[in-house]
There are 2 protein chains.
Amino acid sequence: MSPKLVIVGTVALDDVTTPFGSVTRALGGSAFYGSVAASYWTSVGIVAIVGNDYPDEGFQVLSRRAVDFRGIEKSLEKTFAWTGEYTYDLNTAITKETRLNCLLSFNPKVERYYPNPETLFLANIDPDIQGGILDSLPTRPALVALDTMNYWIDSKRTSLLRVLKKIDLLTINESEARMLTGEFNLVLAARAIRSLGPSMVAIKKGEHGALVFYEGGVFASPAMPLEVVKDPTGAGDSFAGGLLGYLTSHSHRSPELLKQASIIGSVMASFCVSDFGVTGTLSLSMDEISGRIREFGDLTGFGRIDYEERRL
Amino acid sequence: MSPKLVIVGTVALDDVTTPFGSVTRALGGSAFYGSVAASYWTSVGIVAIVGNDYPDEGFQVLSRRAVDFRGIEKSLEKTFAWTGEYTYDLNTAITKETRLNCLLSFNPKVERYYPNPETLFLANIDPDIQGGILDSLPTRPALVALDTMNYWIDSKRTSLLRVLKKIDLLTINESEARMLTGEFNLVLAARAIRSLGPSMVAIKKGEHGALVFYEGGVFASPAMPLEVVKDPTGAGDSFAGGLLGYLTSHSHRSPELLKQASIIGSVMASFCVSDFGVTGTLSLSMDEISGRIREFGDLTGFGRIDYEERRL
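Comments concerning the overall build of chain A
Within chain A one finds 12 helices and 13 strands. Taking 2.2 N^0.38 as the reference for a compact globule, 312 residues should give roughly 20 Å; the C-alpha atoms of chain A span a radius of gyration of 19 Å, in line with that estimate. For chain A, the spread of C-alpha atoms along the three principal axes comes to 80 × 40 × 40 Å. Put simply, chain A has 312 residues, and 54% of those count as buried. Within chain A, contacts between residues at least 6 apart in sequence are counted, and of these 69% link residues at least 24 apart.

Here's the deal with the sheet that holds strand E2 (residues 12–18) of chain A
Residues and elements named next belong to chain A. Sheet architecture is open: 4 strands sit in the order E3-E2-E6-E7, paired in mixed fashion. Every other strand in the sheet has two partners, leaving strand E3 (21–28) and strand E7 (94–99) as the edge strands with one partner each. On average, each strand axis in the sheet is inclined to that of its neighbour by 15°, with strand direction left out of account. With 6 bridges connecting them, E2 and E3 associate as antiparallel partners. The partner of Val-16 across the bridge, within E3, is Val-23.

Quick word on the relation of the copies chain A and chain B
Expressed as a screw operation, the relation of chain A to chain B combines 0.0 Å of axial shift with a rotation of 180°, fitting to an RMSD of 0.0 Å. As the rotation angle and translation indicate, the two copies are arranged about a two-fold axis. By residue overlap, the copies meet face to face through one surface: 100% of the interface positions of chain A are interface positions in chain B.

So, the packing of helix H7 (residues 174–181) of chain A against helix H8 (residues 186–195) of chain A
All names here are of chain A. Remark: H7 packs on H8, axes separated minimally by 9 Å, with the N-to-C direction vectors making an angle of 60°. Here H7 is positioned oblique relative to H8, judged by the angle of their axes. The element H7 and its partner H8 pack so that their crossing is left-handed. Contact residues: Glu-174, Ala-177, Arg-178, Leu-180 and Thr-181 in H7; Leu-186, Ala-189, Ala-192 and Ile-193 in H8. Taken together, the residues of the contact of H7 with H8 break down into 6 nonpolar, 1 polar and 2 charged.

As for the interface of chain A and chain B
Size of an interface, as often reported, equals the accessible area lost when the parts are brought together. Opposite the 40 residues of chain A that make contact, chain B presents 40 residues. Breaking the side of chain A that touches chain B down by element, the ones donating at least two residues are H8, strand E13 (217–221), helix H10 (255–273) and helix H12 (286–300) of chain A. When its residues are assigned to classes, the side of chain A that touches chain B shows 25 nonpolar, 7 polar and 8 charged.

Some points on the sheet that holds strand E7 (residues 94–99) of chain B
All names here are of chain B. Taken in spatial order, the 4 strands line up as E3-E2-E6-E7 in an open sheet, and their pairing is mixed. The open sheet terminates on both sides in strands that have one partner only, identified here as strand E3 (21–28) and E7. Strand-to-strand twist across the sheet, computed as the mean angle between neighbouring axes with direction ignored, equals 15°.

What about helix H9 (residues 235–248) of chain A?
Over its 14 residues, H9 of chain A extends 20 Å from the first C-alpha to the last, a length consistent with the 20 Å expected when each residue adds 1.5 Å. Burial of H9 of chain A is extensive: 14 of the 14 residues sit out of reach of the surface.

Notes on the environment of Val-218 of chain B
Along the polypeptide, Val-218 of chain B turns up in strand E13 (residues 217–221). Between the C-alpha atoms of Val-218 of chain B and Val-201 of chain B, which are 17 residues apart in sequence, the distance is 9.4 Å.

Focus: the environment of Ile-172 of chain A
Residue and element names in this part refer to chain A. Note that Ile-172 resides in strand E10 (residues 169–173). Ile-172 sits in the buried class, given 28 other C-beta atoms within 10 Å. The spatial distance from the C-alpha of Ile-172 to the C-alpha of Met-149 is 7.2 Å, given a sequence separation of 23 residues. If we skip the residues at most four places from it in the chain, Ile-172 touches Asp-147, Thr-148, Ala-177, Leu-180, Ile-203 and Lys-204.

Considerations on unusual backbone geometry
Excluding glycine, residues mostly have negative phi values, and the peptide bonds linking residues are mostly trans. Residue and element names in this part refer to chain A. Residues other than glycine seldom take positive phi values, yet Arg-25 does so here, at roughly 50°. With respect to the secondary-structure elements, Arg-25 resides in strand E3. For Arg-25, a count of 16 C-beta atoms within 10 Å gives the class partly exposed. The phi torsion at Ala-66 lies on the positive side, around 55°, for a residue other than glycine. Relative to the assigned elements, Ala-66 resides in the loop between helix H2 (56–64) and strand E5 (68–74). Looking at Ala-66, the number of C-beta atoms within 10 Å reads 13, which means it is partly exposed.

Quick notes on the rules
Residue positions are counted from 1 within each chain, in the order its sequence is given. Think of it this way: whatever chain is written first is A, whatever ligand is written first is 1, and the rest follow in order. Selection of residues for local features in this predicted model requires a pLDDT of at least 70, selection of side-chain atom pairs for listing and counting requires 80 or more, and totals for whole chains, interfaces and linings are taken over all residues. Helix numbers and strand numbers start at the N terminus; a helix is a DSSP run of H or I with at least 4 residues, a strand a run of E with at least 2. The reference for a compact globule is 2.2 Å times residues^0.38; the radius of gyration itself is calculated from the C-alpha atoms. The exposure scheme places C-beta atoms from the backbone and then counts, for each residue, the other C-beta atoms within 10 Å of its own, assigning buried at 20 or more, exposed at 12 or fewer, and partly exposed in between. Residues are treated as contacting if the C-beta atoms built from their backbones sit within 7 Å of each other. Only when DSSP finds a minimum of two bridges between them are two strands counted as paired. To get an axis, fit a line to the C-alpha atoms, keeping to the stretch in contact for a helix; angles then go from 0 to 180 degrees between the N-to-C directions. To line up the copies, we fit them by least squares on C-alpha atoms, keeping just the residues with pLDDT of at least 70 in both. Every angle not falling under 35 degrees, over 145, or within 65 to 115 is termed oblique; those three ranges are roughly parallel, roughly antiparallel and roughly perpendicular. Handedness of a crossing is defined here by the sense of rotation of the near helix relative to the far one, left-handed for an anticlockwise turn of less than a right angle and right-handed for a clockwise turn. Classes in brief: Ala, Val, Leu, Ile, Met, Phe, Trp, Tyr, Cys and Pro nonpolar; Asp, Glu, Lys and Arg charged; the others, Gly included, polar. Here a helix's expected span is defined as the number of its residues, less one, multiplied by 1.5 Å.

Spelled out as structure tokens, the structure:
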């Protein structure tokens, strides 16, 4: 059966150090994190490339989450590897080393493996590749989402602007939204982005949650205040995966559904950061997930505000 | 009639520059901002000191909001004056000059003017003065809230810790919560603060809203994403004023009421930042306020999340 949601992006091996520990060659990458998070909500296919050093464990994890990985190509090079560090300010990753390796020859053939996804998530890769994928599909998916980063905003702005015209939802970090638009104020930045193409923009603010702008409104999806945040790597991709998985599992579209999907994104991000790599999102029970959804209800719900006009 | 909420703090004349303009000798001060915001919800008395240069306009503003200002003493010195600047990052004020002037001889006599407030807000002043006020009252108010700042955490930690033991609610900036407790993680910082005395802690995060911690839970009170933020001065005091005014106008206490009060705090802060000084909060209609409350409902409400467990 063809998966409803297809995610194209990186599969990586990450060396990560945070104040709470470190991991080497941890399973990671934007498409990997996104797929695991989305797999709780809908059927997922992943398109990526790995090297000859990629461990079987990665495929086992995807199997366990029933992610269709026929779309992962194997290269004779090494796997894309990222080395990063976080200080106590867990909002900002410090990149120590990026070895692109096999990513340099990534030429994803989405149409070959999954020609008709309902939703396509073009996770963070070269915008020329993102655009090429969209052009190659026989029919446009009902929902196309895209993520990007400072590197592409800086080095491939024209290509990025070209692909932005064709998508429905952009997920982007706060600082990158400012960089892309030149607007410091996030309401103005979101408006500028929406004028470039996507009708929906999710601005990710790390521990401060996300603001999701859509036609006629904005939704504040908070981050769960957690006592233990071990590793923020993949939080943004888990957010996008949860959001898009939930949206894809529903046939209607409404602002209300988008808000619920954002909360599911925040739910998955909250599990992600609670441990290193995908450990936090890999084996959640529906009880754990529904418990966390209730916690988000408590975190944001305030009932009915009663007051009388005070006569002066 | 004796006011239900008494606010002790500064009344100031502020010179403020932001990327969107500047004002000189604007009516300001923690008690001033807090009183104006609270006045929409309950009866308010203010205790402060002003100098011989304080303009009549300040008293006219308080009159207009029916704030009882018998508790404002007049000194022969000049009024406390603050000069500050904001860059595009409106979260952080850069203090250019602080002239304490008459504030140096401030010796507030709360018990003389308003001996039995239901709620007492000790806005940001010397913690020795805050403690002295509490000790001087014949009966402890039902609710005592306090605000402080980095300067006092640094220079009068012992006095601050002494007064914290006696209060119910602390409002404090994110960076100051970290400074006070040595905990970077805000959940741990809030827990540490609660172990020092106050059962409720509102951690203010500027444009990212506030986290309100209480026995058994936490509430995320967002900031309204606004296209026009002219001047953040007084936002924290307007938040506290709205929160405490709303709480004081209700006789019961519950987590739900605290959440609603936090939203009212965010509502008043959102009006405050929309213009310089108290211009944004001075003459609101109940229609404007209830409209903004509805906007906060749209910003955070997400209805019921429906999903089925996905069988893998």
